[in-house]
Amino acid sequence: MEDSKKTLAIVLNRQDYREYDSLVSFYTLEFGKLTLMARGTKRLKSKLAGHLEPISVVDLMIIPGKGRDYAAGAISQEVFSGIKADLNKLYYAGLGLRWFRRLTSENEPDKTLFFLVFEYLNILDKYHLDDVSDELPKDDGELLFSFFAFKFLTEMGYKPEMENCLACQQKITPGKNYFNLQNGGLICETCFLANKGGIGRELLTISDNCVKVLRFMLENGLNLSQKLKIDKKLIKELATLTKGFLNFRT
Ligand SMILES: [Zn+2]
């Protein structure tokens, strides 16, 4: 077809639209996030529907529409069956894609982001479990999700400052420190006590170990997530900080 375009795409989400159609949200390699109309996907004989399942990678054909463009064809390249067979993996895949979809803008391609999402799904899909009958441990899921969240936020320009205090620029030393969720970075105790570091719910206390984990995440690829061995208390602290940091981006 003349005006059609092709690209590799990650299916982020699909919702019903009108009687037989769907609106499908993709993160495409060439064009960034796109929300496209898919016709007839709710009809029983729809071939397209089977290829437009969220949490999959497809070769996508796009044709222009009057209002919205159409997903005219899709062929599955990766369906991540390991994720779909494990409810915990599915939960963390969904959580990652939901936040990613919420914080990215349409028509802003970024190949690094595309491959980061692809890698996140791949790691979850192939996550090594000691016993094949086990589900992904929730703590491992939280840790990987935090890692992914900080990586994609960094790529989007929200890299947190983890070396110097945001207020006085002094190097952060171990001890009592804070994290400013609004501005993204550390605040030293002196600035906190002088009310220079931020107010109220913008601030969380942060332990020295949590500072170390965040530095590790910012300096290393997602593929090293399984090298991090951290205890439950620290995972909880990291999860709270991650959710707070994400919430302040909306
Ligand atoms: Zn300071």
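Read on for an overview of the structure. Just so we're clear, the structure is a prediction, and the values are computed from it rather than from any experiment.

As for the environment of Phe 80
By the element assignment, Phe 80 lies in the loop between β5 (70-78) and α2 (81-84). Once the C-alpha coordinates of Phe 80 and Leu 90 are considered, the two residues, 10 residues apart in sequence, prove to be 9.9 Å apart. In this structure, Phe 80 is in contact with Ile 55, Ser 56, Val 57, Phe 118, Leu 121, Asn 122 and Asp 125, ignoring residues within four places of it in sequence.

A few points about the coordination of the zinc ion
At 2.3 Å from the zinc ion lie its protein donor atoms, namely Cys 165 (SG), Cys 168 (SG), Cys 188 (SG) and Cys 191 (SG). Considering all 4 donor atoms around the zinc ion, the spread of angles at the metal, 105 to 116°, places the coordination shape in the tetrahedral class. Each donor residue of the zinc ion lies on the same chain, and together they follow the pattern C-x2-C-x19-C-x2-C. Note that Cys 168 is positioned in the loop between α5 (138-155) and β6 (177-180) and Cys 188 in the loop between β7 (185-187) and α6 (189-193), a separation of 20 residues in sequence. A relative accessible area of 13% places Cys 188 in the buried class.

With respect to the sheet that holds β7
If you trace the 3 strands from one edge of the open sheet to the other, you get β7-β6-β8, paired in antiparallel fashion. Both outer strands of the open sheet, β7 and β8 (203-206), are each paired with one neighbouring strand and no more. Taken pair by pair, the neighbouring strands of this sheet meet at an average axis angle of 40°, ignoring direction. Strand direction decides the pairing type here: β6 and β8, joined by 4 bridges, are antiparallel. Bridge pairing in β8 links Asn 177 to Ile 206. Each of β6, β7 and β8 touches helix α7 (residues 208-219); the most contacted strand, β8, lies at about 100° to it.

Some points on the pairing of strand β1 (residues 5-17)
Pairing analysis gives 7 bridges linking β1 to strand β4 (residues 56-63), with the strands arranged antiparallel. Bridging across to β4, Val 11 finds its partner in Ser 56. Here β1 hands over to strand β2 (residues 21-28) after 3 residues, with Arg 18 in that stretch at a positive phi of 50°.

Overview of the nonpolar core
In terms of nonpolar packing, the biggest core is built from 62 residues, with Tyr 120, Leu 121, Phe 152, Phe 179 and Leu 214 touching the most fellow members. It is α5 that provides the largest number of residues to this core, a total of 9 residues. Discounting residues that sit within four places of it in the chain, Phe 179 has contacts with Pro 160, Met 162, Gly 184, Gly 185, Leu 186, Glu 202, Leu 203, Leu 204, Ile 206, Leu 214, Leu 241 and Phe 245. Core analysis: the next-biggest nonpolar cluster, separate from the first, contains 14 residues, Val 11, Phe 26, Ala 38 and Ile 62 among them.

As for the pattern of salt bridges
Counting across every chain of the model gives 7 salt bridges. The salt bridge involving Glu 163 is made with Lys 171; its shortest N-O contact spans 3.4 Å. Of the residues examined, Glu 163 reaches a relative accessible area of 30% and is grouped as partly exposed. Taken together, the shared-partner salt bridges in this structure form one network comprising Glu 163, Lys 171 and Arg 215.

Quick look at the packing of aromatic side chains
Applying the stated rule across the entire model yields 11 aromatic pairs. Considering the side-chain rings of Phe 114 and Phe 115, the 5.2 Å spacing of their centres and the 80° angle between planes classify their relative orientation as edge-to-face. Judged by its relative accessible area of 1%, Phe 114 is buried. Taking 5.7 Å as the distance between ring centres and 85° as the angle between the ring planes, the aromatic pair formed by Phe 179 and Phe 245 counts as edge-to-face. Of this pair, Phe 179 sits in strand β6 while Phe 245 sits in helix α8 (residues 232-247), and the two are 66 residues apart along the sequence. The same class applies to Phe 179 as to Phe 245, namely buried. Grouped by ring-pair contacts, the aromatic residues Tyr 27, Phe 100, Tyr 120, Phe 148 and Phe 152 constitute a single cluster. When the ring centre of Phe 31 is taken as origin, the NZ or CZ atom of Lys 5, which lies over that ring, is 4.3 Å away. The ring of Tyr 158 has Arg 249 lying over it, and the distance from NZ or CZ to the ring centre is 5.0 Å.

So, how was this worked out
- Residues numbered from 1 in each chain as written.
- Predicted model: local features only at pLDDT ≥ 70, side-chain atom pairs only at ≥ 80, totals over all residues.
- Heavy atoms only, no water.
- Helix = DSSP H or I, 4+ residues; strand = E, 2+ residues; numbered from the N terminus.
- Contact = heavy atoms within 4.5 Å.
- Donors = N, O, S within 2.8 Å, 3.2 Å for Na, K, Ca; no water.
- Tetrahedral: all angles 85-135°; square planar, octahedral: opposite > 155°, others 65-115°.
- Buried < 20%, exposed > 50% of the residue type's maximum accessible area, 1.4 Å probe, protein only.
- Pairing = 2+ DSSP bridges.
- Axes fitted to C-alpha atoms, helices over the stretch in contact; angles between N-to-C directions.
- Core = buried A, V, L, I, M, F, W, Y, C linked by side-chain atoms within 4.5 Å.
- Salt bridge = Lys/Arg side-chain N within 4 Å of Asp/Glu carboxyl O.
- Phe/Tyr/Trp six-rings, centres within 6.5 Å; stacked < 30°, edge-to-face > 60°.
- Lys NZ or Arg CZ within 6 Å of the ring centre and 35° of its normal.

From the geometry alone we can't say anything about function, so treat these as descriptive.
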